[in-house]
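The lines below spell out each chain.
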Amino acid sequence: MSSNVNPAGTLPQLKTLLTEKLAVIEALPEVDAAACVDAFGQAYGLEPATVVAGNGTTQLIYTAPLALGLKRVLILGPTYADYADACRMHGVAYQHFLMKPEADFELDWAGFEQALPNVDGVFICNPNNPTGGLLDSEALRGLCRRHCAIHFFVDESYLPFAPDGEAHSLINFSESNLIVLNSMSKIFGLPGLRIGFLVAAAKLAARFRHYAQPWSLNALAQIAVKWLMTHAEEREAFIRQTRQTLAAEKEDLFANLAAVPGLRLYPSATSFVLTRLPAGVKAADIYRQLLSVRLLTRDCSNFIGLDERYLRISLKGPEANRRVAHVLSQMRGSQIHAPAT
Ligand SMILES: Cc1ncc(COP(=O)(O)O)c(C=O)c1O
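Since the structure is predicted, the reported quantities are computational estimates derived from the model, not experimental observations.

Remarks on the confidence of the model for the protein chain
- When pLDDT is averaged along the protein chain, the result is 95; 97% of the residues meet or exceed 70.
- In this model, residues 336-341 is a region of pLDDT below 50 whose contacts with residues beyond four sequence positions or in other chains number four contacts.

Section: helix 11 (residues 283-292)
- Of all the positions in helix 11, only Ala283, Ile286 and Leu290 are classed as buried. Here the buried residues of helix 11 occupy an arc of 65° about the axis, which is enough to place them on one side.
- Once helix 11 ends, the next one or two residues include Arg294, with phi positive near 65°.

Digging into the pattern of salt bridges
- Going through the model one piece at a time under the given rule, you end up with eight salt bridges.
- Here Glu138 ties to Arg141 by a salt bridge, and the two come within 2.8 Å at their closest N and O atoms. You can see Glu138 and its partner Arg141 sitting in helix 6 (residues 137-146), three residues apart, about one turn around the helix.

Considering the sheet that holds strand 9 (residues 272-276)
- Pairing is antiparallel in the open sheet, where four strands are placed in the order 8-9-11-10. Of all strands in the sheet, those bounded by a partner on one side alone are strand 8 (264-265) and strand 10 (298-299).
- Taken together, the two bridges between strand 10 and strand 11 (residues 310-314) define a ladder with antiparallel strand orientation. For Arg298, the partnering residue across the bridge sits in strand 11 and is Arg312.

With respect to the nonpolar core
- Membership of the largest hydrophobic core comes to 56 residues, with the highest contact counts inside it found for Leu14, Phe40, Met184, Phe188, Ile195, Phe197 and Leu228.
- Here this core takes eight residues from helix 9 (residues 219-230), the largest share from any one element.

Points about helix 8 (residues 202-210)
- Listing the buried residues of helix 8 in full gives Leu204, Ala205 and Phe208. For helix 8, the buried positions fall inside an angular range of 100° around the axis, keeping them on one side. Exposed residues lying more than 90 degrees from the buried face of helix 8 are Lys203 and His210.
- The inward-facing, buried residues of helix 8 abut strand 1 (51-54), helix 3 (56-67), strand 5 (151-155), strand 6 (178-183) and strand 7 (196-200).

Each value, and the rule that gives it
- Residues numbered from 1 in each chain as written.
- Predicted model: local features only at pLDDT ≥ 70, side-chain atom pairs only at ≥ 80, totals over all residues.
- Heavy atoms only, no water.
- pLDDT = per-residue confidence, 0-100.
- Contact = heavy atoms within 4.5 Å.
- Buried < 20%, exposed > 50% of the residue type's maximum accessible area, 1.4 Å probe, protein only.
- Helix = DSSP H or I, 4+ residues; strand = E, 2+ residues; numbered from the N terminus.
- Arc of directions from axis to C-beta.
- Salt bridge = Lys/Arg side-chain N within 4 Å of Asp/Glu carboxyl O.
- Pairing = 2+ DSSP bridges.
- Core = buried A, V, L, I, M, F, W, Y, C linked by side-chain atoms within 4.5 Å.

Given below as structure tokens:
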């Protein structure tokens, strides 16, 4: 429950295929994964020149400051730490614009826009990790259009989990200053294969390609991409099923924890839920107690913009979800009402 990967695992047909094709590891794969880039482009209606493949989106995140020649970056937080780590790696100055707990982590669009003139790059995670919030795609488009000298880097790694996720994607919005990330790790339950894509205007994509490393997509990953991109029916059915299951599980979790005094669950468009524990209760303590019953969650106290009260729960199967809800409601009592010693 600390890892935000599809609780269903991967597609059984894909697992079988990869097992059958294991012998491909005895030869080098295509060096630039061109066939995968083509297949991805075909599946999403994109020109191959606008698509770059990476060893997970991680590789593309860490290339961005270099490829885009960034000098001053704004990161919309609280969010995934790797955007800041990537800036640090390349000696790029960065700051966070933080969405506030008292505003339920809703973005103050006007305040955000006011902070833009000082930067040349913006990192946005949509839906956001760890808050689960989804930004309005029309508003994001407007921002991109109004600030064409700034590079907008939008990470859509968790968007396929969102109901009607495609409608919110900027992948087909070909703006010259927009870079969109698409990860296959989360939705297709394949974090070990390391598959990520980037979509940007051809000129920007070429800059990322310039810094790409040979054989970034390994032989098995290339087979997986080609299969996923050419089996639309299976792919879409899997995503549909994932969304349905998640919606039901999320509803249960919210219902099971609704009566716990002082506990706040933030509405999430994706596969994990951020919780703020009651005042006086530390996430580190709850984390340890959950761990003692073999439930691993994410203590979010090291996210910039969060404090020691935040815990992220990544939904798994009904049994695990109910167990975590049960333990959380029990623990609240012992934590809050423990007699002073
Ligand atoms: C927001 C976000 N983006 C990107 C990644 C990296 O994913 P991958 O490199 O597996 O595509 C993660 C992983 O946790 C993430 O949370």
